[in-house]
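Summary of the model geometry
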Amino acid sequence: MKLKSALIIISMAALCVTYGHAQDASDFAGTALQLSQTSPGGTARILGLGEAQTALGGDISAASSNPAGLGFFNKSVFSFTPSFNYLNASSTYQGTEISEGRLNFNFGNLGAVIKNSNGSGKFKGGAFGISINRVADFQNQIRYEGYNSNTVENGEIVFDPNRPADFVEYTALSSYVDNNGDIGFDNDFAELAYETFLISPFQDGNGNYFVDRDFYATDDNGNLIIDDNGNPVPAYSEPNFPVYQSETIDSRGAAYQTSIAYGGNYDDRLYFGGNIGILTMTRRVEREYIERPTNADLNNIILEDNYEQNGTGISATFGLIGRPINTLLVGLSYTTPSYYVIEQIRDITLTANYAGNVQESYGFDYEPFDYVVTTPSRLRLGATYFFGKLGFVTGDIETVNYSGANLSNPSAGESFSNENNIISDYKSSINYRLGAEFRYEIFRFRGGVSMLADPIDDNVDQGQLKFNFGGGIRTEDFFADLTVLASQGKESVVSPYPGQQAVVNNRNSGFAFTLGFFF
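The shown structure was predicted, so the numbers you read here are calculated from the model rather than taken from an experiment. (Residues numbered from 1 in each chain as written. Predicted model: local features only at pLDDT ≥ 70, side-chain atom pairs only at ≥ 80, totals over all residues. Heavy atoms only, no water.)

**Looking at the overall build of the protein**
If you tally the helices and strands in the protein, you get seven helices and 25 strands. C-alpha atoms of the protein, sized along the principal axes, occupy 100 × 45 × 35 Å. Buried residues in the protein amount to 54% of all 519 residues. Of all intrachain contacts in the protein linking residues separated by at least 6 positions in sequence, the fraction that spans at least 24 positions is 67%. Entry remark: accessible area of the protein is about 21700 Å², with carbon and sulfur atoms responsible for 54%. Charge centroids of the protein, computed over 32 positive and 59 negative side chains, lie 22 Å from each other. (Helix = DSSP H or I, 4+ residues; strand = E, 2+ residues; numbered from the N terminus. Buried < 20%, exposed > 50% of the residue type's maximum accessible area, 1.4 Å probe, protein only. Contact = heavy atoms within 4.5 Å. Areas by Shrake-Rupley, 256 points an atom, 1.4 Å probe, with all protein chains shown as cover. Lys, Arg positive; Asp, Glu negative; His and termini not counted. Charge placed at Lys NZ, Arg CZ, Asp CG, Glu CD.)

**Focus on empty space enclosed by the protein**
To locate leftover empty space, one rolls a probe as large as a water molecule over the atoms. Evaluation of the coordinates by the stated rule reveals four cavities of 30 Å³ or more. One number sums up the size of the largest cavity: a volume of about 1100 Å³. The wall of the largest cavity is formed by 49 residues, among which Ala 136, Asp 137, Gln 464, Lys 466 and Asn 508 lie closest to the centre. Looking at the lining of the largest cavity, the elements with two or more residues in it are helix H2 (28–36), strand E1 (77–93), strand E2 (96–117), strand E3 (123–137), strand E21 (428–440), strand E23 (464–474), strand E24 (478–494) and strand E25 (502–518). It is E24 that provides the largest number of residues to the lining of the largest cavity, a total of six residues. Size it by volume and the second largest cavity reaches roughly 230 Å³. Lining the second largest cavity are 20 residues, and of these Thr 38, Gln 257, Thr 335, Arg 378 and Arg 380 sit closest to its centre. Breaking the lining of the second largest cavity down by element, the ones donating at least two residues are H2, helix H4 (62–65), strand E13 (298–325), strand E15 (338–354) and strand E18 (378–386). A breakdown of the residues in the lining of the second largest cavity according to their chemical character gives six nonpolar, 12 polar and two charged. (1 Å grid on protein atoms, 1.4 Å probe; cavity = no way out; pocket = protein on both sides within 12 Å on 5 of 7 lines; lining within 4 Å. Points joined across faces, edges and corners; volume = space filled by probe spheres on them. Nonpolar A, V, L, I, M, F, W, Y, C, P; charged D, E, K, R; others polar.)

**What to know about the nonpolar core**
Counting residues in hydrophobic clusters, the biggest one holds 37 residues, and the most contacted among them are Phe 167, Leu 198, Phe 215, Ile 301 and Leu 350. Where this core is concerned, the elements lending two or more residues are E1, strand E4 (140–148), helix H5 (167–173), helix H6 (188–195), strand E12 (270–292), E13, E15 and E25. The contact partners of Ile 301, leaving out residues within four places of it in the chain, are Phe 167, Val 168, Leu 198, Tyr 289, Ile 290, Glu 291, Leu 350, Thr 351 and Ala 352. Within the second largest apolar cluster, 25 residues are counted, among which are Phe 28, Met 281, Ile 342 and Leu 407. (Core = buried A, V, L, I, M, F, W, Y, C linked by side-chain atoms within 4.5 Å.)

**What about the confidence of the model for the protein?**
Overall, the prediction assigns the protein a mean pLDDT of 91, with 96% of residues at 70 or greater. Of the regions scoring below 50 in pLDDT, residues 1–21 engages in 68 contacts with residues more than four places distant in sequence or in other chains. (pLDDT = per-residue confidence, 0-100.)

**A short note on the environment of Gly 57**
Here Gly 57 is to be found in the loop between helix H3 (44–48) and H4. Looking at Gly 57, the relative accessible area reads 15%, which means it is buried. It is 11 Å that separates the C-alpha atoms of Gly 57 and Val 330, two residues lying 273 residues apart in sequence. Sequence-distant contacts of Gly 57, defined by excluding residues within four places in its chain, comprise Arg 45, Gly 69 and Phe 72.

**Section: the pairing of E1**
Across a regular strand the side chains alternate sides, sitting on one face of the sheet and then on the other. Of all 17 residues in E1, 12 are buried, a share of seventy percent or more. Bridge count for E1 against E2 is 17 bridges, and the pairing is antiparallel. Counterpart to Asn 85 in the pairing with E2 is Asn 104. As paired strands, E1 and E25 are joined by 14 bridges and run antiparallel to one another. Within E25, the residue paired with Val 77 across the bridge is Phe 518. (Pairing = 2+ DSSP bridges.)

**Here's the deal with the environment of Asp 305**
Along the polypeptide, Asp 305 turns up in strand E13. Taking relative accessible area as the criterion, Asp 305 reaches 9% and is therefore assigned buried. For Asp 305 and Glu 419, which are 114 residues apart along the polypeptide, the C-alpha to C-alpha distance reads 21 Å. With residues near it in sequence (within four places) discarded, Asp 305 still touches Phe 189, Val 285, Glu 286, Arg 287, Arg 346, Asp 347 and Ile 348. Here the side chain of Asp 305 touches Arg 346 through a polar contact of 2.7 Å, side chain to side chain. (Polar contact = N/O pair within 3.5 Å; in protein donor to acceptor, adjacent residues only side chain to side chain.)

**Concerning H2**
Within H2, nine of the nine residues are buried, which leaves it mostly tucked inside the rest of the structure. Those residues of H2 that sit buried are Phe 28, Ala 29, Gly 30, Thr 31, Ala 32, Leu 33, Gln 34, Leu 35 and Ser 36.

Structure below.
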């Protein structure tokens, strides 16, 4: 059993490369960012409006986004929203571009609103609501591949310690030898490489120790190449003998918010409300990294890195909607910081397959690692303008200061100071959502767009643009809505090991369907 502190050691090595890996078990700052980039979500109607809902009422989605919207209900309702999403991830690594996709089914929203009273005087009563919203989606399938090598100048291989050409070179650089010839490691990947005989300590002619790779070059027939001193020649990656590298990252899971909310109505002019949000998240990531050298007595290495995160949390939202004139609604909502308590478990295994059907394998099962994530608060301002019975236009502006996220209380007294320093460089961002609905008798037609800002100043664009459109019908007894979903533009970066990066562009499409009944 490996000590939990190894997780922190790996994170410090990985996070010095770039921000927002999001798929790395040790990228706790990336996890905090993902949990901060939640979406209000909701029914197919709200999705069709680009998720703009701060100044709208009469929809179960209000229970989580702006509870004041519950004050518009004059009867009780139950609704559910299943959805299908096709997730496409296009990756670029070492000049090679490939694409992976996955179809995912989930429930985006489920809930009920109970109209509890008609009130008295100017107080028109209110309604209680309970809903379950999918606020973050961790589903993805990423694969990248390419050939890598060191450069050669004047017939000599040039090693760049900031850009190791292969995983074995990285682990050799992450190891050291003391004066007694005993090897030590800066991270667990290096120890895995040593235990599978990929690296070893050696001694030069002057009696100095160093760490180098422990597998050797072969000719085209598989025979070892011997130098003038009768020793086998180590197999290094170079242009004529590149190393093939590929990785598949399978991510599953989501974050949900269960909202218990109340909204009231004062004189059909002022609507107010609040909720308590109970948060749950689960994510399972399975990574398989493969490296295959050219002309070596090592056939390939396979690194399997699997982790699972499970967390619970809490937040609250308060909101107001005012009607200054009959055709205009203005809304305001504030969501407090969210507090997640997360447990992470992880196991990694490295397998080296050598010539002659020789296999060496070694791995670690980590103890559970617990920590707390605090996400930043959110402030939303919205407005809706009605064109009589023909429909309306609505829009939201949301501000989020991503540098307000925080990591704390790690297991075994470890420190998150490095990760929190990274988070402090995140930006304060503004997100925009705009939608419109046209009405004709019982029919509804909608379209919307949302523009989500990039929270980090770097060379990776994590901004996202979403286009949604759809329609539905609404009667006195039930309603049904269908929305087509599309998003593009969100980039992420994954690293096989520090010093190398693959850039991934994520595009999603799908549809959501809501069926609701009044009672």
